[in-house]
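A closer look at the structure
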Amino acid sequence: MPRPDQHNAAPVSPAPRFALGWAALTYALATLTLAYPALTGQFLVNPRSDQYIAGFAFRDFATQALRAGGSIPHWNPYMFGGMPYVAAMHGDIFYPTALLRLLIGTDAGMTWGFIIHTFLAGLFTYGFLRAWGLAFIPSLVGGLAYLLSGPIASYASPGHDGKLFVSALLPAALWLLIRGMRDGRRWSWGALALVIGLAVLSPHPQLLQYLLLTAGAFALFLALGTDGAAVTLDRRTGVRRLAFALGAVLIGLAMGAIQFAPVREYVAWSPRAGGIDYAAATSFSFPLVELVNIYLPQFTGMLDKYFGPNGLHLHSEYIGGPVLLLASLAIGGQPHKRFRRFWLAVAVISLLWMLGGNTPFFKLVYALIPGTKFFRAPSTIIYVFGLSLSILAALGTERVLARDIRRSVVLGWCAFGALIALLATSGVLASVAPGTARGYIEAVGQQLMGFDAQQASIFAERMIASNRSAMLMGAWRSLLFVLLVSAAIEVYRRGKFGVRELGVALAVLIAADLWSIARNYWLFLPPAKVLFASDPVIEYLKKEPQPGRVVVLGRPGAGLASPDPYYGVDGMGKGTGLMAHGIRSLTGYHGNEIGRYQQLSRFEFAPGAAPMALTPMFWRHQNARYLYTNEAVPDTALRLLAGPVKNSAGSTVYLYRLPGDNPYAWVTPGLSKGPDDQVKPTVLDPRFDPRRVAVFADTSLVAGVPLTTLPAPLDISTTTSAVAPGHATVTLSGAAPAGSVLVVSENYYPGWRALVDGKSQPAYRADYNLIGVPLPSGARTIELSYRDPAIATGKGVTLFAIALAVAALAWGIVEDRRRLA
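Residues numbered from 1 in each chain as written. Predicted model: local features only at pLDDT ≥ 70, side-chain atom pairs only at ≥ 80, totals over all residues. Heavy atoms only, no water.

1. Quick word on the overall build of the chain
- Each helix and strand counted, the chain has 27 helices and 19 strands in total.
- Out of the 821 residues in the chain, the part that is buried amounts to 56%.
- Carbon and sulfur atoms form 63% of the exposed surface of the chain, whose accessible area is close to 33000 Å².
- When the 67 positive and 45 negative side-chain charges of the chain are each reduced to one mean point, those points stand 9 Å apart. (Helix = DSSP H or I, 4+ residues; strand = E, 2+ residues; numbered from the N terminus. Buried < 20%, exposed > 50% of the residue type's maximum accessible area, 1.4 Å probe, protein only. Areas by Shrake-Rupley, 256 points an atom, 1.4 Å probe, with all protein chains shown as cover. Lys, Arg positive; Asp, Glu negative; His and termini not counted. Charge placed at Lys NZ, Arg CZ, Asp CG, Glu CD.)

Written out as structure tokens, the structure reads:
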């Protein structure tokens, strides 16, 4: 019996002709409202984006190597003393977007990678909802809600393309599970394997974990549910289809072998060897105070006005009042009851998960879920939360179309929105929001801007004050869209709107609401040829005959008007942008560098001492020969080589020659062995002379004569030529004596090989993290090369898995046509 506020339910209108095409057009237009500057060649990047600081250099490195007729590089020599390019992970090396960069250029390819996957996030969500059985309009609304939501549309701002790729592929995987598990379509298993394979190659293992968990739970839900004829699946059929789904996942995982076979070997060498503790695993948990941002994104400030507790905040959590309203209308009623309950459960679990250490729930996750001990930032599961709410919003829209809703829910959202607007107008929200964040803002002012305590306090107050008007306007903006959607629903409920008119109204209002926030996160700059243009300092470094690393040190307040690719977001010497010019820096922006290098650079002889990376001993150890800075240095020990000049970011820069020779390679007359805990402080001790002895690990298989006294340095110098990523030729000025060792200032990692005068010679780890090559008597020329054998192994597995998935897809299409004919 209908409730008093319910008119007779109206039948939902059929989908229009070419429904998928209309949906695709809608999502394309929605995406282009954000991305249109790309049509004129602009680069989707901003000064704080990972793509600007590091992503472009990482990707252009491989693009240029391939364009030169080579292959994917195996070694990246440009940061942190060198690291494996594939094994240490440098982004979407093997994902299809790499081909896009080859075709249209690195910057354009990166930009369109974001655009295409934002579009696909909406289209795949629409396809998933239609496959489940929702009508055209609810499915269209669900796709728009996901595509333009903060968790998806704001990925462009921090430059998190890997996260976007996986987020877009999740609804595709769910769509294919419906076709396979419920509908029994055999072609879906090959397609599912390909989708999982793409997610693996994204490569973002943390979001891949969330995708697999969500898809696995949905597969179990389907196995216990009904097939396409609404008949409960018998146990045998359910188990068989689960086995097919598992097989597809395994094939998909195998497709990622070319990326993850090297990664598997590298884990023991990375900073995360052995996992991370609970405190690290819960870092970047979703702050409780920022739950308000799901409705009112200005509560803790957006982008440059952000003052919350989450450090850099280049993303958005905004889901939107209209989407939340429609999602709440999904609760109750009979249609899609089990489906609705499943996604409610997913929403609750993903919400608790993303809160991380703020609730006890994550202790269970950390203890029970495989892989969690290698990840941090549990807040990144927010994309699953956003998808859940988008699906619930589609279900709520279907109930609206059927006039099966409670007006009290709609009125409740109007009252809530009005309350938030009144609290913002009265200043209550402005007084509550900064409470947990003032200390953070003051710390930012002191650390990055050089303010004293009083100046930092004034800075914090100005930051908070600058957001008050935005919070006020934001509260009334959110209320306006809630009222407009509520009015459209009420007009339809009274029979004055048809289904089509309501569908258009909901789509337009939801898109406008979400776009008004998402547009702030799509920031464009000129093309890479402008952003990463050369300058006299870079040209000087390119012409240097012998290799040498650069210490990049940016000082706030010394002409650094904004972050640039050479200094990084904190202005403290990242220097990754130099990689785009083939120049090696001592530091960089990565996070998965070789663990021994990281330990060495952070080692301190005494508490409070300068970081080892800024000491002459470390410079000597790591072939650091230049200082690139944005401030004139009066120290007479440093010789000015170039500058002052303006770099491409507009900073005034100088290049200085550091004291000492600090060569790329040197020859020692002998070697010794010792445990790592002794070798590490030894090689950085100012009294240690690396020219007199090479120190190998006591577990090393290198043969050597124990030293009773330190020999005098040899009168042999080195000249390095044919320097390229993963390759160098070192020529000695004289014949090497028996028992001598060539030490090369490049991080050692298995895969380095040496040819001494054309004959193979093993390379070992020396001086804690460097390459050591024992030399036979008379040696003159040593050719070093790096090749990761795991890549070749992984490539074979990947190609076989792709062939298997394509064969399964083709076989399934043929079988389904035969079976359904």
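2. Things to note about the packing of helix H14 (residues 337-355) against helix H15 (residues 361-368)
- Here H14 crosses H15 at 90 degrees, and the two axes come no closer than 8 Å. Taken together, the axes of H14 and H15 are roughly perpendicular relative to one another. Each of Ile349, Leu352 and Trp353 in H14 lies in contact with H15, whose residues at this interface are Phe361, Phe362 and Val365.
- Split by residue class, the contact of H14 with H15 holds 6 nonpolar, no polar and no charged. (Axes fitted to C-alpha atoms, helices over the stretch in contact; angles between N-to-C directions. Parallel < 35°, antiparallel > 145°, perpendicular 65-115°, else oblique. Contact = heavy atoms within 4.5 Å. Nonpolar A, V, L, I, M, F, W, Y, C, P; charged D, E, K, R; others polar.)

3. A word on the packing of aromatic side chains
- All chains considered together, the criterion is met by 40 aromatic pairs.
- For the pair Phe128 and Phe339, a centre-to-centre distance of 6.0 Å together with 45 degrees between the ring planes defines the contact as tilted. Of this pair, Phe128 sits in helix H4 (residues 106-132) while Phe339 sits in helix H14; the two residues are 211 residues apart in sequence, bridging distant segments of the chain.
- Ring centres of Trp189 and Phe244 lie 6.0 Å apart, and the angle between their planes is 20 degrees; on these two criteria the pair is classed as stacked. In this pair, Trp189 is assigned in helix H8 (residues 187-200) and Phe244 in helix H10 (residues 235-255), connecting sequence segments 55 residues apart.
- For Trp189, a relative accessible area of 10% puts it in the buried group.
- When the ring centre of Trp515 is taken as origin, the NZ or CZ atom of Arg519, which lies over that ring, is 5.5 Å away. (Phe/Tyr/Trp six-rings, centres within 6.5 Å; stacked < 30°, edge-to-face > 60°. Lys NZ or Arg CZ within 6 Å of the ring centre and 35° of its normal.)

4. Let's talk about the sheet that holds strand E5 (residues 549-553)
- Read across the sheet, 4 strands follow the order E5-E6-E8-E7 without closing on themselves; strand pairing throughout is mixed. Across the chains shown, the open sheet's two edge strands, defined by having one partner strand only, are E5 and strand E7 (639-646). With direction set aside, neighbouring strand axes in the sheet form an average angle of 20 degrees.
- Taken together, the 5 bridges between E5 and strand E6 (residues 624-629) define a ladder with parallel strand orientation. Across the sheet, the residue bridging to Leu553 is Thr629, located in E6. (Pairing = 2+ DSSP bridges.)

5. So, the packing of helix H24 (residues 595-602) against helix H26 (residues 676-684)
- Relative to each other, H24 and H26 sit at 55 degrees, their axes nearing to 10 Å. Classified by the interaxial angle, the pair formed by H24 and H26 is oblique. As for the relative orientation of H24 and H26, their crossing is right-handed in sense. Of the residues in H26, those touching H24 at Arg596, Gln599 and Leu600 are Asp676, Lys680, Val683 and Leu684.
- Grouping the amino acids of the contact of H24 with H26 by side-chain chemistry returns 3 nonpolar, 1 polar and 3 charged. (Left-handed = near helix turned anticlockwise from the far one by under 90°.)

6. What to know about the pattern of salt bridges
- As enumerated under the stated definition, the model contains 21 salt bridges in all.
- Between Asp404 and Arg399 there is a salt bridge whose closest N-O contact spans 3.4 Å.
- Here Asp404 falls in the buried class, since its relative accessible area comes to 18%.
- For Arg399, a relative accessible area of 11% corresponds to the buried category.
- In this structure, Glu746 engages Arg584 in a salt bridge whose closest nitrogen and oxygen atoms are separated by 3.3 Å. Taken together, the positions of Glu746 in strand E14 (residues 741-747) and Arg584 in the loop between E5 and H24 put the pair 162 residues apart, joining distant regions of the chain.
- For Arg584, a relative accessible area of 8% translates into the label buried.
- Where salt bridges share partners, they join Arg59, Asp92, Arg101 and Asp161 into one cluster. (Salt bridge = Lys/Arg side-chain N within 4 Å of Asp/Glu carboxyl O.)

7. Focus: the sheet that holds strand E12 (residues 718-724)
- Taken in spatial order, the 5 strands of this open sheet run E12-E13-E19-E15-E16, and their pairing is antiparallel. The open sheet has two edge strands, E12 and strand E16 (759-761), and neither has a second partner. With strand direction ignored, the average angle separating the axes of adjacent strands in the sheet is 25 degrees.
- Of the strand pairs in this sheet, E12 and strand E13 (residues 727-732) are connected by 5 bridges, and their pairing is antiparallel. Across the sheet, Ser721 pairs through a bridge with Thr729, a residue of E13.

By themselves, these are just geometric observations and shouldn't be taken as functional.
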